[in-house]
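This is what each chain is made of:
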Amino acid sequence: MKNRAEELDMTVADEWLERGRQEGRQEGRREGKAAALLRLVKAKFGPEIEAAHRERIEGAGTETLLNWSERILTAETVEEVFR
C-alpha cells in the first residue's frame, strides 16, 4: 500500500509527464506547419530557398507560420510572404 507521500510523488510525476507530452505535441504541430510552408514556398517560388528564409520558417511560432501560409496565396514574391 502506498503512503500519502508516494501518492503525491506519483501525481507530480504524472503531471510532469503530461506536460512533456503536451509540449512535444505542440512542437510536432509547429514543425509540421513549418514543413508544409517550406513545401509551399518551393512549389510557388522554386526549389531554391534562401537560407535566411528557411531559418525564419524553422524558427517561427505556430501563429506566424499560419499567417505566412495564408499570405503565400496572394504573394507575388517570397519576400511578400514574410512582410
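Residues numbered from 1 in each chain as written. Predicted model: local features only at pLDDT ≥ 70, side-chain atom pairs only at ≥ 80, totals over all residues. Heavy atoms only, no water.

Another point: the nonpolar core. Of all hydrophobic cores here, the largest spans 14 residues; its most connected members are Leu37, Val41, Ile57, Leu65, Trp68, Val81 and Phe82. Elements represented by at least two residues in this core include exactly helix 1 (4-45), helix 3 (62-71) and helix 4 (78-81). With residues up to four places along the chain from it excluded, the contact list for Val41 reads Gly46, Ile49, Ile57, Ile72 and Val78. (Core = buried A, V, L, I, M, F, W, Y, C linked by side-chain atoms within 4.5 Å. Buried < 20%, exposed > 50% of the residue type's maximum accessible area, 1.4 Å probe, protein only. Helix = DSSP H or I, 4+ residues; strand = E, 2+ residues; numbered from the N terminus. Contact = heavy atoms within 4.5 Å.)

A complete count under the given rule lists 1 aromatic pair for this structure. Considering the side-chain rings of Trp68 and Phe82, the 4.8 Å spacing of their centres and the 80° angle between planes classify their relative orientation as edge-to-face. With Trp68 in helix 3 and Phe82 in the segment after helix 4, the pair connects residues that are 14 residues apart, well separated along the chain. Judged by relative accessible area, Phe82 falls into the buried class, the value being 6%. Taking the ring centre of Trp16 as reference, the NZ or CZ of Arg19 above it sits at 4.8 Å. (Phe/Tyr/Trp six-rings, centres within 6.5 Å; stacked < 30°, edge-to-face > 60°. Lys NZ or Arg CZ within 6 Å of the ring centre and 35° of its normal.)

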